[in-house]
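Topology and contacts: notes
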Amino acid sequence: MEINAKIRKFLSRFFKKHEIADTDDIFALGFVNSLFAMQLVMFLEKEFGIAVETKDLDFNNFRTIESMIQFVENKQSA
Amino acid sequence: MIIELTEKQVEWQEQFRAFVDKSIVPYAAQIDKEEILHPAVVAGMRETGYLGSMLPQAYGGLGLDEVSLGVLNEEVGRGCTSTRNLLTVHGMVGLAILRWGTQEQKDQWLPKLARGEIIGAFGLSEPDVGSDAKNIQTTAVEDGDDYVLSGTKKWITMGMIADVFLIFAQFEGKPTAFLVESTRANFTRTPIRGMMGSRGSMLAQLEMDNVRIPKENLVGKLGTGLSHVALSCLDYGRYTVAWGCIGLAQACLEASVAYAKSRQQFGKPIGEFQLIQKMLTEMVVSIKGARLLCYRSGYLKQIGDPDSILETWTAKYASSVMVTKVAGDAVQIHGGNGCHDGYPIERYYRDAKINEIIEGSTQVHEYLIARNLLQTM
């Protein structure tokens, strides 16, 4: 499964009634809380074998599906 | 699906149990009575390496897997809730540094924390801020190469013996985590005595009146203090508290079974009365159920599953509510003896209740678990 589909599947648990576009700001949709933030970090680490470090804690890395894909690809290629 | 401990985990369990019976249980009543964590117990936790149980071997820790770590907290919790609290808050600091600290912070602090050369404590709660952690009033401001912290922290477990604190303060209105050493100028602590339970937890109130720390003591990024640093600490905190409840409940059960066999009324052991049997049955079934939730949480944590966070909420909620009920039944089975400090039961009962308050109250758990259900189901 490609990165986009995996992220989309994970997010669908939290954004059930919303069809999220790749460029939608998930923070603006109102469902994001601290618990979700932690779950998202764990998901990205486990699913894509990357380590989210302190320097990566920038909301812009996680704001949209597109930015998350970019983040994962950057980490994987680093 | 296999639900059983591995051979290695069983070995650890036997080692933990033997240590607790020999080196913690004999001190537990004294710790409760004097409200001081006995130095011999702290020394034992240090010598066994258990103070570094949650940290990787690379930094001198035991590097236990999550389930073994849980079993350690279960066994220590069986012996003394205050001592289990030490494992919890000490580990929260070490894990925060491991997860969010700089390499320099890891090299500086983790080997000492792992070896127990220094003790760590977690400074989030304040006199007017408990569950509402976003509204902490302690502040941090930038001043040259330093941060300057001011504010009061309350109910700080191990605050009287800790060498380094993970302090949460508002920096420009954003909760942020800092390491504050107990030796810093203008940092003072006062013991909090007279607690109902967990009385050996060395609670302190901390006062910071323009405490100056170097910028290198920032943990994580500015503004990530709650969302990432505190929440990951509290995840470990809840996990270890949940397991501690299992151990405490197990202590209640073992004492109650022994008492039911030996206590004679109406010419026979009270264990032969069906209403006593009912209580014993409810105790053992509820303990086993909560323990399974803890095992599940541990398994999910071990594989890094995002569901582990909510499963840990679930395990902590179930275990803390369970142990309050189990300890109450243990008092009931022991009758008058359960109400007197000649038996450990009244201590178990007082200690049990504390678990419904710390690391998120029962009601905060109910709110969060239900809210998640409503959002995701």
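Anyway, here's the lowdown on the structure attached to this text.

Rules and cut-offs
Residues numbered from 1 in each chain as written. Chains lettered and ligands numbered in written order. Predicted model: local features only at pLDDT ≥ 70, side-chain atom pairs only at ≥ 80, totals over all residues. Heavy atoms only, no water. Salt bridge = Lys/Arg side-chain N within 4 Å of Asp/Glu carboxyl O. Helix = DSSP H or I, 4+ residues; strand = E, 2+ residues; numbered from the N terminus. Contact = heavy atoms within 4.5 Å. Buried area = accessible area lost by both parts, 1.4 Å probe. Polar contact = N/O pair within 3.5 Å; in protein donor to acceptor, adjacent residues only side chain to side chain. Nonpolar A, V, L, I, M, F, W, Y, C, P; charged D, E, K, R; others polar. 1 Å grid on protein atoms, 1.4 Å probe; cavity = no way out; pocket = protein on both sides within 12 Å on 5 of 7 lines; lining within 4 Å. Points joined across faces, edges and corners; volume = space filled by probe spheres on them.

1. Overview of the pattern of salt bridges
Residues and elements named next belong to chain B. Following the criterion strictly, the structure yields 32 salt bridges over all chains and no others. Here aspartate 32 and arginine 199 are joined by a salt bridge, their closest N and O atoms 3.5 Å apart. Of this pair, aspartate 32 sits in helix 2 (residues 25–34) while arginine 199 sits in the loop between strand 6 (187–191) and strand 7 (204–214), placing them 167 residues apart in sequence. Residues lysine 301 and aspartate 235 are paired through a salt bridge, measuring 2.8 Å at the closest nitrogen-oxygen approach. Of this pair, lysine 301 sits in helix 8 (residues 274–302) while aspartate 235 sits in helix 7 (residues 225–262), and the two are 66 residues apart along the sequence.

2. Description of the interface of chain A and chain B
Tallying the contact residues gives 22 residues for chain A and 23 residues for chain B. Overall, the association of chain A and chain B removes approximately 2100 Å² of surface from exposure, summing both partners, and the carbon and sulfur fraction of that is 62%. Linking chain A to chain B there are two salt bridges. A salt bridge links arginine 99 of chain B to glutamate 45 of chain A; its shortest N-O distance comes to 2.8 Å. Linking chain A to chain B there are five residue pairs in polar contact (both at pLDDT 80 or more). Of all the elements, helix 2 (residues 34–48) of chain A adds the most residues to the side of chain A that touches chain B, at ten residues. Within the side of chain A that touches chain B, the residues separate by chemical class into eleven nonpolar, four polar and seven charged.

3. Quick look at empty space enclosed by the protein
Scanning the model with the defined rule gives two cavities of 30 Å³ or more in all. Estimates place the volume of the largest cavity at around 50 Å³. If you go around the largest cavity, the residues you meet are Phe14, Asn33, Leu35, Phe36 and Gln39 of chain A together with Leu368, Arg371, Asn372 and Gln375 of chain B. Of all the secondary-structure elements, those providing two or more residues to the lining of the largest cavity are helix 2 of chain A together with helix 11 (362–376) of chain B. With four residues, the single largest contributor to the lining of the largest cavity is helix 11 of chain B. Taken together, the residues of the lining of the largest cavity sort by class into four nonpolar, four polar and one charged. In this structure, the second largest cavity spans a volume of roughly 50 Å³. Looking at the second largest cavity, the residues that line it are Ala28, Ile31, Asp32, Cys80, Thr81, Ser82, Ser198, Arg199, Gly200, Arg347 and Asp351 of chain B. At three residues, helix 2 of chain B tops the list of elements feeding residues into the lining of the second largest cavity.

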